[in-house]
Amino acid sequence: MSKGRLFVISGASGVGKSTVLGKVMGARNDLSFSVSATTRPPRPGEVEGKSYYFVSRDRFEEMIRQDAFLEYDEHAGNFYGTPRLQLEEKLEKGSVILDIEPVGAFHVREKAPDAVLIFVMPPTRTELEHRLRTRGDTSEEQIKMRLDRANWEMDQSTRYDYVVVNDQVDECARRILSIIAEKAD
Ligand code: 5GP
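Residues numbered from 1 in each chain as written. Predicted model: local features only at pLDDT ≥ 70, side-chain atom pairs only at ≥ 80, totals over all residues. Heavy atoms only, no water.

Let's talk about the pattern of salt bridges
Here the idea is simple: oppositely charged side chains can pair when their charged atoms come close.
Line of reasoning, step 1. Overall, the coordinates contain 20 salt bridges when judged by the stated rule.
Line of reasoning, step 2. Across the pair Arg84 and Asp67 runs a salt bridge, and its minimum N-O distance is 3.1 Å. In this pair, Arg84 is assigned in helix α3 (residues 84-93) and Asp67 in the loop between α2 (57-65) and β5 (69-75), connecting sequence segments 17 residues apart.
Line of reasoning, step 3. Notably, a salt bridge pairs Arg149 with Glu101, separated by 2.5 Å at the nearest N-O pair. Here Arg149 is found in helix α6 (residues 140-156), whereas its partner Glu101 is found in the loop between β7 (96-99) and α4 (102-111), with 48 residues between them in sequence.
Line of reasoning, step 4. With a relative accessible area of 9%, Glu101 lands in the buried category.
Line of reasoning, step 5. Sharing partners across several salt bridges, the network here consists of Asp73, Glu101, Arg149 and Glu153. (Salt bridge = Lys/Arg side-chain N within 4 Å of Asp/Glu carboxyl O. Helix = DSSP H or I, 4+ residues; strand = E, 2+ residues; numbered from the N terminus. Buried < 20%, exposed > 50% of the residue type's maximum accessible area, 1.4 Å probe, protein only.)

Quick look at the structure:
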């Protein structure tokens, strides 16, 4: 039996999830973060093995064949997946946070029905578009793709256990921490 509980956090690209998650992780040292594998190239500031495991498409496909993922998905032209072994090891020690999108979140729920699914919403759709445009790491075509995807993801939020709005980072982190305290402790 594993000791911890799975918390899945989703939210559209540009919603500020990484900042919120940084605060959540910083507030509790008994939580660990599931580091995904991806074929997307690193963004400035991202650290191999902390933000993601950055792997080639060939390597990712090999890992799929080896059944190395609890779940994986392809979107915006890249693969993303949750490495199964790493997650099981972390769960032995305590609760784990997964930052994954809705398709993966619902797969996790099928495999681990007591996982808690939390969706982070932007204050408004206009605010999200603004954040995406000022991030500066994506082309117009990619921004359009990410916006379409964001709208679809926000429509999925009704299937989550909790929806929290990121209108203010500290407040959003505090709400997530109180959900974790209620469900994990
Ligand atoms: P980004 O490229 O902005 O880092 O992430 C794009 C999306 O991929 C985000 O919604 C993020 O939550 C999702 N994602 C990251 N890792 C995984 C994973 O292991 N599995 C799935 N299904 N989605 C992931």
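Picking up after the structure, the text goes on.
With respect to the site of the ligand
Line of reasoning, step 1. Inspection of the region around the ligand gives 16 residues, with Ser36, Arg40, Tyr52, Tyr80 and Glu101 positioned closest.
Line of reasoning, step 2. Gly81 is positioned such that a nitrogen or oxygen atom in its backbone is 3.1 Å from an oxygen atom of the ligand.
Line of reasoning, step 3. Against a free-state accessible area of 510 Å², the protein chains account for coverage of 94% of the ligand.
Line of reasoning, step 4. Within the residue set of the shell around the ligand, elements represented by two or more residues are β5 and β6 (78-83).
Line of reasoning, step 5. Taken together, the residues that form the shell around the ligand break down as three nonpolar, five polar and eight charged. (Near = heavy atom within 4 Å. Polar contact = N/O pair within 3.5 Å; in protein donor to acceptor, adjacent residues only side chain to side chain. Areas by Shrake-Rupley, 256 points an atom, 1.4 Å probe, with all protein chains shown as cover. Nonpolar A, V, L, I, M, F, W, Y, C, P; charged D, E, K, R; others polar.)

Description of the sheet that holds strand β8 (residues 116-121)
Line of reasoning, step 1. Spatially, β2-β7-β1-β8-β9 is the arrangement adopted by the five strands of the open sheet, whose pairing is parallel. Each edge of the open sheet carries a strand with a single partner, namely β2 (32-33) and β9 (162-165).
Line of reasoning, step 2. Taken together, the four bridges between strand β1 (residues 6-10) and β8 define a ladder with parallel strand orientation. Across the sheet, the residue bridging to Ile9 is Ile118, located in β8.
Line of reasoning, step 3. Contacts from helix α1 (residues 17-27) reach β1, β2, β7 and β8, with the element oriented near 175° to β7. (Pairing = 2+ DSSP bridges. Contact = heavy atoms within 4.5 Å. Axes fitted to C-alpha atoms, helices over the stretch in contact; angles between N-to-C directions.)

Looking at the nonpolar core
Note on soluble globular proteins: their nonpolar side chains tend to be buried together.
Line of reasoning, step 1. With 38 residues, the main nonpolar core has Leu6, Val24, Ile97, Leu98, Val108, Ile118 and Ile176 as its most contacted residues.
Line of reasoning, step 2. Secondary-structure elements contributing two or more residues to this core are β1, α1, α3, β7, α4, β8, α6 and α7 (169-184).
Line of reasoning, step 3. Sorting elements by how many residues they give to this core places β8 first, with six residues.
Line of reasoning, step 4. With sequence-adjacent residues up to four places away left out, Ile97 is seen in contact with Phe7, Ile9, Leu21, Val24, Met25, Leu31, Ser32, Phe33, Ser34 and Ile180. (Core = buried A, V, L, I, M, F, W, Y, C linked by side-chain atoms within 4.5 Å.)

Bear in mind that shape data such as this cannot, by itself, settle questions of function.
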